[in-house]
Each structure stands twice: as structure tokens, then as C-alpha cells.
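# What the coordinates show
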Amino acid sequence: MHVIRQARNVVAGLGLISAIFGCAPKRPVQLEAPVSVSIEPVAGPSTRRVAPSPSHSFWEGMRNLDPGYADRNPVSPEEARFANALRLVLAGDANEAELTLDSLRSSGTDSLVRTASWILLTAMLQYQDKWDVLAEIAPRRSDLPAATERNRAAVEQWAAVLGKIPRRVISIPSRPTVAGLTLSVAGTPVVSVLVNGKQRFFWLDTGSSISIVASDVAADAGVIPLSRDTLEIVTATGRIPALPSVISRLQFAGVSITNAKAMIVDTELMQVRSVEGAAEQIPVRIDGIVGFDVLSRMRVRLDYGAGTVTVAQPSPPAGTRRHVQRNFFWVGTPMVRLLTARGVPLHFVLDTGAQETYATEILPVKAGVRTYPGERRSVAGLAGGRQFRGRFINDIRLWLGARRLDFRQMLIFAPAVSSFATWDGILGSDIARTAVVTLDASDGLFTVEEPSRGGRRLREGN
């Protein structure tokens with residue numbers, strides 16, 4: 001039976017903090033260090049040919065973000081229309097994709113097509129800040145399945161509240177703006193922000209689909225809950241309660257956001273602790289998080305070595321720029337496409353709130369790499385800690401444009417968050433410690449380049 005994994009949950013940062021380990025023969029290896037990443041320029045073409053995904057069914061092909069499966073194999077007319085909608089999603093044409101998906105979810109005769117169309121449609125509407133439209137077309141509370149009714153992280157639940165307030169307005173300077181950044185204990189970039197005029201320090205976390213503010217910060221800045229009903233957000237280790245709210249004005253790096261949707265989370269949960277076994281276990285607070293809902297509207301360049309973040313206007317519309325091979329997509333989560341040496345596409349969720357990059361269980365099969373047993377102690381950025389005992393990939397080489405990314409001692413971790421698309425891994429902030437990264441959701445590009453020389457040493461903060 002075909003299974004469509006749902007992408008209906010509002011997701012918070014998935015950040016992980018790695019720890020330290022030792023070694024023992026014939027037992028799980030106690031790893032001495034977290035995953036390491038190196039960036040190598042590769043001679044030859046700047047882009048590699050993308051091979052068809054190794055899919056054996058239509059829905060497996062769709063979850064592998066391969067709409068071309070419908071061109072290579074016999075499919076039904078409705079499946080063909082869905083594949084075309086997915087192609088529009090990957091091309092960044094959210095408006096056209098929205099029209100097709102809305103038609104399929106409302107009038108399709110194939111129940112799987114209808115369900116998948118609704119899941120992707122909610123992702124497109126959330127991405128475009130169309131919570132009002134989502135609230136209008138969402139099933140009435142009395143019509144919701146019992147599972148959805150109980151799921152307080154479902155986007156339908158959030159849309160019922162967020163759809164009642166005006167859409168946000170984002171003002172980005174016409175010229176690139178450079179601001180300072182530090183690193184949190186989780187390795188997440190941290191910038192100075194103004195929350196309704198009050199200065200605080202927020203994470204820049206692409207792993208959070210909506211921005212977050214700690215409850216004490218919200219109270220001090222006059223950020224009021226929009227509802228008395230407590231909803232939930234999903235993290236890598238579970239769920240945490242949250243209250244929907246709106247920040248009247250959020251400012252950072254020259255950017256100003258009016259009516260910024262946000263989730264208020266209890267201050268006691270907005271903290272991370274030092275690694276298990278360390279001399280001190282002092283919790284480090286998190287004032288808040290600038291999520292992907294905001295970061296996706298601009299071009300963001302992170303230079304950890306220089307301690308700077310550069311924010312610029314997004315790229316011009318697709319029809320006005322030269323052809324590029326997109327590798328950065330929003331399908332309910334932000335995903336980066338990396339390629340194996342044979343051109344097999346692997347899709348990693350981009351999570352600047354995760355200290356390290358890790359793989360899911362499907363990656364070794366797709367990439368044809370061996371694994372070994374090991375242990376690693378870790379804690380999560382939100383919702384508690386975990387100790388990992390499982391399998392690791394000793395060495396894997398993947399390509400991003402003209403750059404080869406070499407990963408060593410990569411943890412295989414099955415995240416608690418589900419989505420429509422198959423997660424082959426999580427691309428963490430460790431890559432930005434190795435290279436300067438630029439993310440531009442409008443252009444559909446995630447790029448890396450060699451770090452600047454002579455940059456000042458990055459300070460650890462928050």
C-alpha cells in the first residue's frame with residue numbers, strides 16, 4: 001500500500017549539540033569527535049548531471065522530488081497533473097502550483113492524489129504567508145479527522161488563528177546590508193534584533209518554519225498571544241507547547257518586518273545546556289528565533305569566519321535571469337539537493353539550528369556506502385536531550401555545483417518530524433564553519449565558497 005507521509009505540522013528548530021567520546025573494539029565505537037566537513041573545489045563542469053531518482057513507484061518518485069518519474073513511466077492523468085504541480089513547486093512557481101494543487105485536492109477522484117495535493121498546497125500557502133486562504137479552505141473543525149483534531153501542531157490549527165491577522169510586510173534595503181553575528185552554544189548563527197523596539201539576540205534558524213519568541217521576551221516587548229488555546233510545535237525530539245502571536249515590528253540587519261507571525265514558547269524551554277559530562281551544566285537561554293518564514297524572503301550570506309551576515313534583496317523573477325540549476329526547494333521544509341558521484345540526488349533539510357550534518361536511514365542505500373555501529377551523546381536545542389547509539393557513515397563525498405563536500409563520521413538519525421518529501425539527511429551549521437554559505441530561496445540556490453582570509457575570530461555567544 002502506498003503511504004504519503006504528512007507535512008501538516010508547524011516545525012521548530014531541529015538543532016543538535018554533539019558531545020565527546022572514546023573507543024572500544026568489537027563494540028559500538030565511542031566517537032572522539034562530531035562529524036567533520038571539508039569543502040573541495042572540483043575541476044570540470046560547474047554542474048553535474050542529475051540522474052533519475054532510484055524510485056520503484058509513482059509515490060516513491062514524488063517523495064524523492066522527481067516529477068520526471070511521470071514522464072518515464074505510465075501514470076494516471078491525475079498523477080501526471082500532480083507530478084506537474086510538483087515540478088512547479090521545485091521551479092519556485094508557488095502561485096501556479098497552488099492553482100493545480102487546489103483543483104486536485106477539491107475535485108480529484110484519486111484519494112491519494114487528493115491527500116498529497118492538500119499536503120503540498122498547505123506548504124505553498126504557508127510559504128506565501130497566506131494563512132487567511134489556508135484558514136478559509138481548511139476543513140471545518142467538525143469535519144477534521146480525529147487524528148488531525150488531536151494534532152495541535154497541525155497547520156489547520158495554526159491557520160485558524162494566524163489567518164485572522166494582516167499578512168506580514170517585509171522591507172529589505174535596496175543594497176546589501178552587513179551585520180555582525182556570533183555563534184550560539186548549538187553552533188547556530190545569532191544576530192541582534194529589535195522586537196517592537198526592544199533589543200534581543202535571536203537565532204537565524206532555517207529549521208524553524210515560523211519565528212519563535214521566548215515568553216519573557218514576549219512579555220517585555222508587548223507581544224501578546226492571539227489565542228488562549230495552547231497549540232504545539234514539532235522538534236526533532238518531540239513536541240512543545242506554544243501560543244500563536246504576532247510581532248508588530250521585528251528588525252535585524254537593516255530588514256524590517258511588520259506583522260511577523262511568531263510562536264511564544266515558555267522561557268524554561270528556550271534554552272540549551274552544555275554537553276553531558278562537561279564540567280558545567282549551565283543552561284544558555286534563547287531569546288528567540290528568526291525562522292525560515294522570514295529568511296526565505298531574502299538572500300542571506302553567512303560568513304562565520306568574518307563574523308558577519310549579509311542580507312540582500314532576493315533574486316529577480318526567474319524569467320529575467322540566466323538559467324541556473326536549482327538545488328534549494330521549499331516542500332514544507334527547506335531542502336538542499338546534493339549529488340553522489342553517480343549523480344543520484346539526495347535531499348537534505350537545511351537546518352542552521354543543527355550543530356552537525358547527519359543522515360537518515362535511507363541515505364546509505366541510495367548512496368551505496370557502508371556503515372558501522374557507534375555511540376554519541378547529544379542534546380537538542382529544544383525539548384530535551386538524547387543519547388545516540390546507532391550507525392555511522394565513515395566517509396561520504398557529495399557534490400554541490402562545483403564544490404565537493406566530504407563528510408566523515410556522519411551520524412544516521414531518524415528525525416521525529418515527518419514530511420511529504422523523503423529526508424536523506426539534515427544539513428547543519430557545521431558546513432558554514434567550513435565555508436561561506438549563501439541561501440536564496442527565491443532563486444532556488446544554496447551555494448558554498450571558500451571562507452574569507454584574515455577574518456576576525458568568531459565569538460561564541462547566546
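Okay, so let's go over this structure. (Residues numbered from 1 in each chain as written. Predicted model: local features only at pLDDT ≥ 70, side-chain atom pairs only at ≥ 80, totals over all residues. Heavy atoms only, no water.)

### Describing the overall build of the protein chain
Rule in force here: Elements are defined by DSSP. Helices are runs of H or I of four residues or more, strands are runs of E of two residues or more, and each kind is numbered from the N terminus. Residues are treated as being in contact if the distance between any of their heavy atoms lies within 4.5 Å. Only the protein chains shown count as cover for residues, with accessible areas throughout obtained via the Shrake-Rupley method and a probe of 1.4 Å.
Secondary structure assignment for the protein chain yields twelve helices and 27 strands. Pairs at least 24 residues apart make up 67% of the contacts formed inside the protein chain by residues separated by at least 6 positions. Entry remark: accessible area of the protein chain is about 19000 Å², with carbon and sulfur atoms responsible for 51%.

### Focus on the packing of helix 4 (residues 94-107) against helix 5 (residues 111-127)
Basically, it comes down to this: Angles here are taken between N-to-C directions and fall from 0 to 180 degrees, while the axes themselves are lines fitted to C-alpha atoms, restricted in helices to the stretch in contact. For any helix crossing, the convention is left-handed if the near helix is rotated counterclockwise from the far helix by under a right angle, and right-handed if that rotation is clockwise.
Running from N to C, helix 4 and helix 5 point in directions that differ by 145°, and their axes come no closer than 8 Å. The handedness of the crossing between helix 4 and helix 5 is left-handed. Between helix 4 and helix 5, the contacting residues are Ala94, Glu98, Leu101, Asp102, Leu104 and Arg105 on the first element and Val113, Arg114, Ser117, Trp118, Leu120, Leu121, Met124 and Leu125 on the second.

### Focus: the packing of aromatic side chains
We count it as follows: Ring pairs shown here join Phe, Tyr and Trp side chains whose ring centres sit within 6.5 Å, with only the six-membered ring taken for Trp; geometry is labelled stacked below 30 degrees between planes, edge-to-face above 60, and tilted in between. Cation placement over rings: the criterion is NZ of Lys or CZ of Arg within 6 Å of the ring centroid and within 35° of the ring normal.
Under the counting rule described, the total for this entry stands at ten aromatic pairs. Through a chain of ring-to-ring contacts, the aromatic side chains of Phe58, Trp59, Tyr69, Phe82 and Phe420 assemble into a single cluster. When the ring centre of Tyr127 is taken as reference, the NZ or CZ atom of Arg297 above it lies at 4.6 Å.

### Here we look at the environment of Glu40
Within the element layout of this structure, Glu40 appears in strand 3 (residues 36-41). Considering only alpha carbons, one finds Glu40 and Arg403, 363 residues apart in sequence, at a separation of 5.6 Å. Setting aside anything within four residues of it in sequence, one finds Glu40 in contact with Ala402, Arg403, Arg404 and Asp406.

### Regarding the sheet that holds strand 27 (residues 445-449)
Where we set the bar: By definition, two strands form a pair when at least two bridges between them are found by DSSP.
Reading across the sheet, the five strands line up as 5-17-16-26-27 and stay open at both edges, with antiparallel pairing between neighbours. If you trace the sheet from one side to the other, it starts and ends with strand 5 (177-180) and strand 27, each paired once. Between one strand axis and the next, the sheet turns through 15° on average, direction left out of account. Across five bridges, the pairing between strand 16 (residues 299-303) and strand 17 (residues 308-312) is antiparallel. Within strand 17, the residue paired with Arg299 across the bridge is Ala312.

### A word on the packing of helix 3 (residues 77-90) against helix 4
When two helices pack together, you describe them by how their axes are tilted relative to each other and by the distance separating the axes. Quick reminder of the rule: Our angle categories are set so that under 35 degrees counts as roughly parallel, over 145 as roughly antiparallel, 65 to 115 as roughly perpendicular, and the remainder as oblique. Each residue is assigned to one class: nonpolar for Ala, Val, Leu, Ile, Met, Phe, Trp, Tyr, Cys and Pro, charged for Asp, Glu, Lys and Arg, and polar for all the others, Gly among them.
The N-to-C vectors of helix 3 and helix 4 enclose an angle of 155°; their axes lie 8 Å apart at closest approach. The orientation of helix 3 with respect to helix 4, classified from their angle, is roughly antiparallel. When you trace helix 3 past helix 4, the crossing you get is left-handed. Contact residues: Glu78, Arg81, Phe82, Ala85, Leu88 and Val89 in helix 3; Glu96, Ala97, Thr100, Leu101, Ser103 and Leu104 in helix 4. Its residues assigned to classes, the contact of helix 3 with helix 4 comprises seven nonpolar, two polar and three charged.

### Side note on the environment of Arg87
Put simply, the rule reads: Nitrogen and oxygen atoms within 3.5 Å of one another constitute a polar contact, given that in protein one can donate a hydrogen and the other can accept it, and given that sequence-neighbouring residues count only through two side-chain atoms.
Its location among the elements puts Arg87 in helix 3. In this structure the C-alpha to C-alpha distance between Arg87 and Asp66, which are 21 residues apart in sequence, comes to 8.1 Å. Setting aside its immediate chain neighbours within four residues, Arg87 contacts Pro67, Gly68 and Asp71. At 2.9 Å, the side chain of Arg87 forms a polar contact with the side chain of Asp71.

### Quick notes on the pairing of strand 27
As judged from the five bridges shared by strand 26 (residues 436-440) and strand 27, these two strands associate in the antiparallel manner. Of the residues in strand 27, the one forming a bridge with Leu439 is Phe446. Taking the residues between adjacent antiparallel strands as the criterion, strand 26 and strand 27 are bridged by four residues, where Gly444 takes a positive phi near 70°.

### Thoughts on the pairing of strand 16
In this structure, the hairpin formed by strand 16 and strand 17 is closed by a connection of four residues, where Gly307 is found at a positive phi of approximately 70°. Judged from the four bridges that link them, strand 16 and strand 26 form a sheet pairing that is antiparallel. Each bridged residue has a counterpart across the sheet, and for Leu302 the counterpart in strand 26 is Val437.

### Concerning helix 8 (residues 155-162)
Counted only if it meets this: Partly exposed residues are those whose accessible area sits between 20% and 50% of the maximum for their type, while under 20% is buried and over 50% is exposed, using a 1.4 Å probe and protein chains only.
Across the eight residues that make up helix 8, a large majority, seven, are buried. Taken as a whole, helix 8 has its buried residues at Val155, Glu156, Gln157, Trp158, Ala159, Val161 and Leu162.

### Points about empty space enclosed by the protein
Operational definition: For cavity detection a 1 Å grid was placed over the protein atoms alone, and a set of points counts as a cavity when a 1.4 Å probe fits there but cannot get out; an open set counts as a pocket when protein lies on both sides within 12 Å along at least five of seven lines, with lining residues being those that have an atom within 4 Å of a point. Grid points are joined across faces, edges and corners, and a volume is the space filled by probe spheres set on the points.
In total, this model carries six cavities of 30 Å³ or more according to the counting rule given. Reported here for the largest cavity is a volume of approximately 90 Å³. Lining the largest cavity are Gln126, Tyr127, Asp129, Trp131, Arg168, Ser209, Ile210, Lys261, Phe292, Asp293, Ser296 and Trp330. Breaking the lining of the largest cavity down by element, the ones donating at least two residues are helix 5 and helix 10 (292-295).

### A closer look at the pattern of salt bridges
Operational definition: For salt bridges, the criterion is a side-chain nitrogen of Lys or Arg within 4 Å of an Asp or Glu carboxyl oxygen.
Tallying each qualifying case throughout the model produces 16 salt bridges. Put simply, Arg200 and Asp220 hold a salt bridge, and the shortest N to O gap is 3.3 Å. You can see Arg200 sitting in strand 8 (residues 198-204) and its partner Asp220 sitting in helix 9 (residues 215-221), a full 20 residues away along the chain. The partner of Asp440 in a salt bridge is Arg299, and the shortest N-O contact between them spans 3.2 Å. Of this pair, Asp440 sits in strand 26 while Arg299 is found in strand 16, placing the two residues 141 residues apart along the sequence.

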